[in-house]
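For reference, the chains in residue letters:
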Amino acid sequence: MKFFVDTGDINDIRDLASTGLLDGVTTNPSLIAKSGKQFLPLIKEICDVVSGPVSAEVAATDYDTMIREGRKLAGIAENVCVKVPLTPAGLKVCKELSDEGTQVNVTLCFSAAQAILAAKAGATFISPFVGRLDDIGQDGMQLISDIVTIYGNYPEWNTEVLVASVRHPMHIVDAAMMGAHVVTCPPDVIKKLYSHPLTDKGLAAFVEDWKKTGQSIL
Ligand code: G3P
């Protein structure tokens, strides 16, 4: 399973990239606004740090502007993945950019029906938002399970399931159990994956016991 980080914070991206565990980055207009940075130079900076796909989202909602924005974003770096909304115009842009060899992430997916359309449009990634479904009392992870099953029925579809709107470590564990290809997570959720109180307790005991031996490895 690939790990993407969902942020526009370049310091967090550098930090996570240094772990060697980071496979890509996703951004969206809300995250760019939060970063306070200029969008295009920020995407270039991220692409210089991370070699995997870096999702950069179009701002327009009409086909003509979206396709122009998408081509401009794709020109920033080889690893830019253009993010488009799951609308009729967005999927038309998806098909066209995919045919041109550009990676496309179709975002704001909330149903299996929408995910089928994205695969038909040649999306590189489909981004179902699990946390936002949970927020309205629907089962976000059930949607992931459904899409993984559906895509598995059609090996000719190459679209990867990118679990988005991740809120806690169990979303990631469940996504792995279901065979989702990618999770994109806020930095704090990735950091939580490391934590277990028995790890901390066990390490403290090993450190203390090692001191008692009076030895040094180096
Ligand atoms: O980037 C898309 C998605 O991950 C957003 O998540 O937390 O705003 O629902 P969230």
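To keep things clear, this report deals only with the structure shown in the data block. Fair warning: this is a prediction, and the values are worked out from it, not measured in the lab.

Conventions and cut-offs
- Residues numbered from 1 in each chain as written.
- Predicted model: local features only at pLDDT ≥ 70, side-chain atom pairs only at ≥ 80, totals over all residues.
- Heavy atoms only, no water.
- Helix = DSSP H or I, 4+ residues; strand = E, 2+ residues; numbered from the N terminus.
- Contact = heavy atoms within 4.5 Å.
- Areas by Shrake-Rupley, 256 points an atom, 1.4 Å probe, with all protein chains shown as cover.
- Lys, Arg positive; Asp, Glu negative; His and termini not counted.
- Charge placed at Lys NZ, Arg CZ, Asp CG, Glu CD.
- Buried < 20%, exposed > 50% of the residue type's maximum accessible area, 1.4 Å probe, protein only.
- Pairing = 2+ DSSP bridges.
- Right-handed = clockwise from strand over helix to strand, strands pointing away.
- Axes fitted to C-alpha atoms, helices over the stretch in contact; angles between N-to-C directions.
- Arc of directions from axis to C-beta.
- Polar contact = N/O pair within 3.5 Å; in protein donor to acceptor, adjacent residues only side chain to side chain.
- Near = heavy atom within 4 Å.
- Salt bridge = Lys/Arg side-chain N within 4 Å of Asp/Glu carboxyl O.

## Overview of the overall build of the chain
For the chain, the count of helices and strands is eleven helices and eight strands. Long-range pairs, those at least 24 residues apart, make up 56% of the contacts in the chain between residues at least 6 apart in sequence. Approximately 11300 Å² of the chain is accessible, and the part contributed by carbon and sulfur atoms is 56%. Each charge sign in the chain was given a centre, from 19 positive and 26 negative side chains, and these centres are 3 Å apart.

## Notes on the pairing of strand 5 (residues 103–109)
Where a strand is regular, its side chains alternate between the two sheet faces. In terms of burial, strand 5 is largely enclosed, as five of its seven residues are buried. Sheet analysis places strand 4 (residues 80–85) next to strand 5, joined by five bridges and oriented parallel. Residue K83 lies in a different strand from strand 5, and its bridge partner there is N105. Remark: the strand 4/helix 5 (residues 88–99)/strand 5 crossover connection has right-handed handedness.

## Thoughts on the sheet that holds strand 1 (residues 2–6)
Sheet architecture is closed into a barrel: eight strands sit in the order 1-2-3-4-5-6-7-8, paired in parallel fashion. Each neighbouring strand pair of the sheet contributes to a mean axis angle of 30°, computed without reference to strand direction. Contacts from helix 4 (residues 63–74) reach strand 3 (54–57) and strand 4 within the one sheet, and its direction differs from that of strand 4 by about 160°.

## With respect to unusual backbone geometry
For residues besides glycine, phi is generally negative; the peptide bonds are generally trans as well. Notably, L108 is not glycine yet its phi reads approximately 65°, a positive angle. Mapped onto the fold, L108 is located in strand 5. We note that S165 has phi near 60°; this positive angle belongs to a residue other than glycine. Position of S165 relative to the elements: it lies in the loop between strand 7 (160–163) and helix 9 (169–178).

## Notes on helix 9
Residues of helix 9 that are buried include every one of H171, I172 and A175, and no others. Projected down its long axis, helix 9 shows its buried positions confined to an angular sector of 100°, all on one face. Where the residues of helix 9 are buried, they touch strand 1, helix 7 (130–135), helix 8 (140–152), strand 7, strand 8 (182–185) and helix 10 (187–192). In the stretch just after helix 9, G179 is the one whose phi turns positive, near 85°.

## Section: the side chain of T26
Mapped onto the secondary structure, T26 falls in strand 2 (residues 24–26). Here T26 falls in the buried class, since its relative accessible area comes to 1%. Within the structure, T26 has its side chain in polar contact with the side chain of D6 (distance 2.7 Å). Apart from residues lying up to four places away in sequence, T26 is in contact with F4, V5, D6, T7, L31, S55, K83, N105, L162 and T184.

## Concerning the site of the ligand
Neighbouring the ligand are the residues D6, N28, K83, F129, R132, A164, S165 and R167. Residue K83 places a side-chain N or O atom 3.4 Å away from an oxygen atom belonging to the ligand. In this structure, an oxygen atom belonging to the ligand sits 2.7 Å away from a side-chain N or O atom of R132. Within the complex, the protein chains bury 82% of what would otherwise be the 310 Å² of accessible surface of the ligand.

## Some words on the pattern of salt bridges
Considering all chains together, one arrives at twelve salt bridges under this definition. Across the pair K83 and E57 runs a salt bridge, and its minimum N-O distance is 3.9 Å. Remark: E57 occurs in strand 3 and K83 occurs in strand 4; sequence separation between them is 26 residues. An identical accessibility class is assigned to K83 and E57; each is buried.

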